[in-house]
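Residue-level structural notes
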Amino acid sequence: DQQVKQNSPSLSVQEGRISILNCDYTNSMFDYFLWYKKYPAEGPTFLISISSIKDKNEDGRFTVFLNKSAKHLSLHIVPSQPGDSAVYFCAASGRQGGSEKLVFGKGTKLTVNP
Amino acid sequence: GAGVSQTPSNKVTEKGKYVELRCDPISGHTALYWYRQSLGQGPEFLIYFQGTGAADDSGLPNDRFFAVRPEGSVSTLKIQRTERGDSAVYLCASSLTKAGSVVDEQFFGPGTRLTVL
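Now for a quick tour of the structure. Everything numeric in this text was worked out from a predicted model, so none of it was measured.

Another point: the overall build of chain A. Counting its regular elements, chain A contains zero helices and eleven strands. Scanning chain A from its N terminus toward the C terminus, one meets helices and strands in the order β-β-β-β-β-β-β-β-β-β-β. Taking 114 residues into account, the globule formula puts the C-alpha radius of gyration at 13 Å, and chain A, at 14 Å, falls close to it. Expressed as a percentage of its 114 residues, the buried residues of chain A come to 46%.

A separate point is the interface of chain A and chain B. Of the residues lining the interface, 19 residues belong to chain A; the matching set on chain B comes to 21 residues. In total, about 1,700 Å² of surface goes out of reach between chain A and chain B, with carbon and sulfur atoms giving 55% of it. Where chain A touches chain B, the interface holds three residue pairs in polar contact (both at pLDDT 80 or more). Where the side of chain A that touches chain B is concerned, the elements lending two or more residues are β4 (32-38) and β9 (86-93) of chain A. Considering each element in turn, the side of chain A that touches chain B owes the most residues, three residues, to β4 of chain A. Residue composition of the side of chain A that touches chain B, grouped by class: eight nonpolar, five polar and six charged.

Let us look at the sheet that holds strand β8 (residues 75-79) of chain B. Residue and element names in this part refer to chain B. Pairing is antiparallel in the open sheet, where four strands are placed in the order β1-β3-β8-β7. At either end of the open sheet lies a strand with only one pairing partner, and these are β1 (5-7) and β7 (65-68). The sheet shows a mean angle of 15 degrees between the axes of neighbouring strands, taken without regard to direction. Of the pairings in the sheet, the one linking β1 to strand β3 (residues 19-24) comprises three bridges and is antiparallel in character. Note that in β3 the partner of Thr7 across the bridge is Arg22.

The next thing to look at is the state of the cysteines. Counted by the stated rule, this structure contains two disulfides over all chains. The disulfide partner of Cys23 of chain A is Cys90 of chain A, and the S-S distance across this bridge is 2.0 Å. Here the disulfide of Cys23 of chain A and Cys90 of chain A is left-handed, its torsion about the S-S bond being about -75 degrees. Residue Cys23 of chain A is located in strand β3 (residues 19-25), and its partner Cys90 of chain A is located in strand β9; the two are separated by 67 residues in the primary sequence. The burial state of Cys23 of chain A is the same as that of Cys90 of chain A; both residues are buried. Disulfide pairing places Cys23 of chain B opposite Cys92 of chain B at an S-S distance of 1.9 Å. Torsion about the S-S bond of the Cys23 of chain B and Cys92 of chain B cystine: about -65 degrees, corresponding to left-handed handedness. A residue pair is termed long-range when its members are at least 10 positions apart, and Cys23 of chain B in strand β3 and Cys92 of chain B in strand β9 (residues 88-95) qualify at 69 residues.

Residue and element names in this part refer to chain A. Within the secondary structure, Lys68 sits in the loop between β7 (62-67) and β8 (72-77). For Lys68 and Ser52, which are 16 residues apart along the polypeptide, the C-alpha to C-alpha distance reads 7.2 Å. In this structure Lys68 touches Tyr25 and Ser52, once residues within four positions along its chain are discounted.

Attention now goes to the side chain of Lys38 of chain A. Here Lys38 of chain A lies in strand β4. Within the structure, the side chain of Lys38 of chain A is placed 2.9 Å from the backbone oxygen of Glu42 of chain A, a separation counted as a polar contact.

The next subject is unusual backbone geometry. For the bond from Val78 of chain A to Pro79 of chain A, the omega torsion is -5 degrees, close enough to zero to count as cis. Take Pro79 of chain A: it is sitting in the loop between β8 and β9. A cis geometry characterises the amide bond from Thr7 of chain B onward to Pro8 of chain B, with omega recorded as -10 degrees. Mapped onto the fold, Pro8 of chain B is located in the loop between β1 and β2 (10-13). Positive phi values are uncommon outside glycine, yet Ala41 of chain A reaches one of about 65 degrees. With respect to the helices and strands, Ala41 of chain A occurs in the loop between β4 and β5 (45-51). Even without a glycine there, the phi angle at Arg81 of chain B is positive, about 45 degrees.

Attention now moves to the nonpolar core. Within the largest apolar cluster, 24 residues are counted, with the highest numbers of intra-cluster contacts made by Phe33, Trp35, Leu73, Leu75 and Tyr88 of chain A. Every element with two or more residues in this core is listed here: β3, β4, β5, β7, β8, β9 and β11 (108-113) of chain A. In terms of residues, this core owes the most to one element, β9 of chain A, which gives four residues. Setting aside its immediate chain neighbours within four residues, Leu75 of chain A contacts Ser19, Ile20, Leu21, Trp35, Leu47, Ile48, Phe62, Thr63 and Tyr88 of chain A. If you look at the next biggest cluster of nonpolar residues, it comprises 20 residues, including Val19, Phe65, Ala67 and Val116 of chain B.

What counts and how
Residues numbered from 1 in each chain as written. Chains lettered and ligands numbered in written order. Predicted model: local features only at pLDDT ≥ 70, side-chain atom pairs only at ≥ 80, totals over all residues. Heavy atoms only, no water. Helix = DSSP H or I, 4+ residues; strand = E, 2+ residues; numbered from the N terminus. Rg over C-alpha atoms; globule rule 2.2 N^0.38 Å. Buried < 20%, exposed > 50% of the residue type's maximum accessible area, 1.4 Å probe, protein only. Contact = heavy atoms within 4.5 Å. Buried area = accessible area lost by both parts, 1.4 Å probe. Polar contact = N/O pair within 3.5 Å; in protein donor to acceptor, adjacent residues only side chain to side chain. Nonpolar A, V, L, I, M, F, W, Y, C, P; charged D, E, K, R; others polar. Pairing = 2+ DSSP bridges. Axes fitted to C-alpha atoms, helices over the stretch in contact; angles between N-to-C directions. Disulfide = S-S within 2.5 Å. Core = buried A, V, L, I, M, F, W, Y, C linked by side-chain atoms within 4.5 Å.

Here you go:
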């Protein structure tokens, strides 16, 4: 049972346009959500996060929106740049049992075309 | 000022062999995590250390997998009697546990690609 789902394996957008990556979760105990970006042959790097007490967090070109009632979050990148091309992972944490382990989705491969 | 490092970067072994994967976390980071990423999947949690002790090993798939962190810094993931299904990228992450923080950012290493023939 996948607790964090990214239903779009890939997304292609034009440079300068908005990229929207979606993520759904099933476990209501999750209280913190993160987006990681991964280039080939590198480890994931942290991008942006949001606590469950908020519905929006913005950092430069990146904004994460959280809809708790729908158990849905999204990452908006605007304007998209070719260097944003990577695999994006949605992750959730619930500090279950005192562990800060992250539960990841399968990822969405974003391609930004020049 | 290095990040998390993992060695080896690639490991090819034969079914039934024993392997050790090493992780050097960022200096001063008290928390260390191991994840496994299979092809087409996201990273999957294996084990979490806080200092020297394994605070959560609920992700270890079976007793062939074991991890240690004897001095609270470097960690070794050990896999006995490897199987072809163990082939994956093994990722290590570390974080600095800050009092009062909600969740501490985990910094990932580049991973070790394990191939079991």
